[in-house]
Amino acid sequence: MKDRHALRVRAHAKINLYLNVVGKRSDGYHELQTVFHSIALHDDVIIRKRAAHGITVHCNHPDIPCNSRNLAYRAAQSVSDAVGGIEGIEINIDKHIPISAGLAGGSANAAAVLHGLNELFGLSIPQGELMYLAGRLGADVPFCLQGGAAWGSGVGDILTPLPALANIPILLLNSGTAVSTADVFKNLELHRDTKTSNFFLTNQRKDGIIIKTCLRKGEVGGIGANLYNRLELPVFSKYPEIRELKSELSTRVGCHGALMSGSGGTVFGLMNDIASAQQSKSYFKNSVNFCTITATSPVGVAVV
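As a starting point, this report considers the structure included with it.

Cut-offs applied
- Residues numbered from 1 in each chain as written.
- Predicted model: local features only at pLDDT ≥ 70, side-chain atom pairs only at ≥ 80, totals over all residues.
- Heavy atoms only, no water.
- Axes fitted to C-alpha atoms, helices over the stretch in contact; angles between N-to-C directions.
- Helix = DSSP H or I, 4+ residues; strand = E, 2+ residues; numbered from the N terminus.
- Parallel < 35°, antiparallel > 145°, perpendicular 65-115°, else oblique.
- Left-handed = near helix turned anticlockwise from the far one by under 90°.
- Contact = heavy atoms within 4.5 Å.
- Disulfide = S-S within 2.5 Å.
- Salt bridge = Lys/Arg side-chain N within 4 Å of Asp/Glu carboxyl O.
- Buried < 20%, exposed > 50% of the residue type's maximum accessible area, 1.4 Å probe, protein only.
- Expected span 1.5 Å × (residues − 1).
- Polar contact = N/O pair within 3.5 Å; in protein donor to acceptor, adjacent residues only side chain to side chain.
- Phe/Tyr/Trp six-rings, centres within 6.5 Å; stacked < 30°, edge-to-face > 60°.
- Lys NZ or Arg CZ within 6 Å of the ring centre and 35° of its normal.
- Nonpolar A, V, L, I, M, F, W, Y, C, P; charged D, E, K, R; others polar.
- Arc of directions from axis to C-beta.
- Pairing = 2+ DSSP bridges.

Turning to the packing of helix H1 (residues 71-82) against helix H3 (residues 127-137), a few remarks are in order. At a minimum axis distance of 10 Å, the contact between H1 and H3 shows a crossing angle of 135 degrees. Regarding the angle of H1 to H3, the classification is oblique. Pair H1 / H3 crosses with right-handed handedness. Note on element contacts: H3 touches H1 through Glu 129, Leu 133 and Leu 137, opposite Leu 71, Arg 74, Ala 75, Ser 78, Val 79 and Ala 82.

This is the structure we're talking about:
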């Protein structure tokens with residue numbers, strides 16, 4: 001979109017190749033260890049300058065709020081506050097990423113607004129400051145802004161870049177089950193350390209060194225064999241249909257491995273090639289709410 005008064009930004013979804021919850025902090029947030037990866041599936045966020053002051057948000061999805069509850073709105077407000085105010089902003093979100101699906105669609109939209117406003121208004125905000133603003137908006141926003149692949153710790157906001165996989169086909173499946181992130185974390189089995197008063201989880205999985213090593217080497221088979229998500233346990237106990245979807249996808253020919261992304265309920269499969277991805281898409285498309293082929297992406301946001 002070539003218009004000095006408007007900008008189109010691709011807001012890419014993410015998946016988690018590895019997600020472990022290692023404890024709960026005294027402030028109520030959970031300590032995570034995760035491997036993020038951007039994927040080609042994206043929303044289109046169009047940002048326009050307006051003569052009238054204020055922020056307006058429009059979205060083609062009826063369940064997305066278009067007020068201050070929207071993370072994209074809050075991202076615009078945070079940029080305006082950071083620079084002492086800017087003129088009117090209009091944000092149009094064309095949704096393609098399923099909502100409440102563990103793919104960080106809302107976080108991706110917020111990251112696109114942070115990046116897009118900086119470009120459109122020529123604000124020259126350093127990337128480090130944008131990352132700071134992203135972290136204040138939500139745990140997934142910093143990665144969506146950085147993009148590619150990364151090891152995340154803290155609440156997922158402390159990022160160490162990793163080499164991104166080159167255009168690996170991914171099949172995404174969603175049964176349509178809306179999963180509450182808050183409920184998922186609430187149902188994790190936690191125990192209190194009597195010495196520190198901190199909470200910790202039982203039956204913790206070993207750290208993510210294996211999958212990080214495979215990612216650095218580009219070994220897709222090794223990544224598929226070591227996919228892990230600690231949140232599957234509470235989600236699968238409440239939503240067995242998601243567990244069954246993952247199990248069925250993992251047995252498909254050409255699937256290196258399957259996993260639930262984030263807090264659910266989207267399941268993804270790392271596929272060997274487009275042909276096997278298309279065959280599995282044909283198999284699932286009439287039995288799920290959302291079924292699409294995408295691929296790994298080296299970026300989280302991109303102006304087009």
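Now that the structure is up, let's keep going.
Let's shift gears to the state of the cysteines. With the rule as written, the count across this model stands at zero disulfides. We note that Cys 59 lacks a disulfide partner, and the nearest cysteine sulfur, in Cys 66, lies 5.7 Å from it.

Another aspect to go through is the pattern of salt bridges. Under the defined criterion, the tally for this structure stands at three salt bridges. The partner of Arg 48 in a salt bridge is Glu 90, and the shortest N-O contact between them spans 3.9 Å. Placement of the pair is Arg 48 in strand S2 (residues 30-50) and Glu 90 in strand S4 (residues 88-94), with a sequence separation of 42 residues. Owing to a relative accessible area of 31%, Arg 48 belongs among the partly exposed residues under this scheme.

This brings us to H1. Over its twelve residues, H1 extends 16 Å from the first C-alpha to the last, a length consistent with the 16 Å expected when each residue adds 1.5 Å. By the burial criterion, the buried members of H1 are Leu 71, Ala 72, Tyr 73, Ala 75, Ala 76, Ser 78, Val 79 and Ser 80. Buried residues in H1 make contact with strand S3 (55-59), S4, helix H2 (105-120), H3 and helix H4 (141-146). N-capping of H1 is provided by Asn 70, with a side-chain oxygen placed 2.7 Å from the backbone N of Ala 72. Positive phi appears at Gly 84, one or two residues downstream of H1, with a value of about 80 degrees.

Time to look at the packing of aromatic side chains. Considering all chains together, one arrives at four aromatic pairs under this definition. Residues Tyr 18 and Tyr 228 carry aromatic rings whose centres are separated by 5.7 Å and whose planes lie at 40 degrees to one another, so their mutual orientation is tilted. Of this pair, Tyr 18 sits in strand S1 (residues 6-24) while Tyr 228 sits in strand S10 (residues 228-229); the two residues are 210 residues apart in sequence, bridging distant segments of the chain. Accessibility expressed as a relative area gives 13% for Tyr 228, which makes it buried. Counting every residue linked through ring pairs, the aromatic cluster contains Tyr 18, Trp 151 and Tyr 228. Cation over ring: Arg 252 sits above Tyr 283, and NZ or CZ is 4.1 Å from the ring centre.

Moving on: the packing of H1 against H2. Viewed as axis vectors pointing N to C, H1 and H2 meet at an angle of 30 degrees, and their least axial separation amounts to 8 Å. With respect to H2, the element H1 is oriented roughly parallel. Pair H1 / H2 crosses with right-handed handedness. Touching Leu 71, Ala 72, Ala 75, Ala 76, Ser 78 and Val 79 of H1 are Gly 106, Ser 107, Asn 109, Ala 110, Val 113, Leu 114 and Leu 117, all from H2. Considering only residue class, the contact of H1 with H2 consists of nine nonpolar, four polar and no charged.

Let's shift gears to helix H10 (residues 274-284). All buried positions along H10 are accounted for by Ser 276, Ala 277, Ser 280 and Phe 284. Each buried residue of H10 sits inside an arc of 100 degrees when the element is viewed along its axis, so together they form one side. Packing partners of the buried residues in H10 comprise strand S7 (169-174), helix H9 (240-250), strand S12 (266-271) and strand S13 (290-295). The N-cap residue of H10 is Asp 273: its side-chain oxygen and the backbone nitrogen of Ala 275 are 3.4 Å apart.

This part is about the side chain of Thr 177. If you trace the backbone, Thr 177 turns up in the loop between S7 and helix H5 (181-186). Judged by its relative accessible area of 16%, Thr 177 falls in the buried class. Looking at Thr 177, its side chain comes within polar contact range of the side chain of Ser 175, at 3.0 Å. For Thr 177, the side chain forms a polar contact with the side chain of Glu 241, separated by 2.9 Å.

Glancing now at the sheet that holds S13. Strand order in the open sheet made by the four strands is S11-S12-S7-S13, with antiparallel pairing throughout. The open sheet has two free edges, formed respectively by strand S11 (255-260) and S13, since each of these has just one partner strand. Going from strand to strand, the sheet's axes swing by 20 degrees on average, the running direction of each strand aside. As paired elements, S7 and S12 share five bridges and run antiparallel to each other. Considered in S12, the bridge of Leu 171 is made with Gly 269. Contacts from H9 reach S7, S11 and S12, with the element oriented near 170 degrees to S11. The sheet contacts of H10 involve S7, S12 and S13, and relative to S7 the element is tilted by about 10 degrees.

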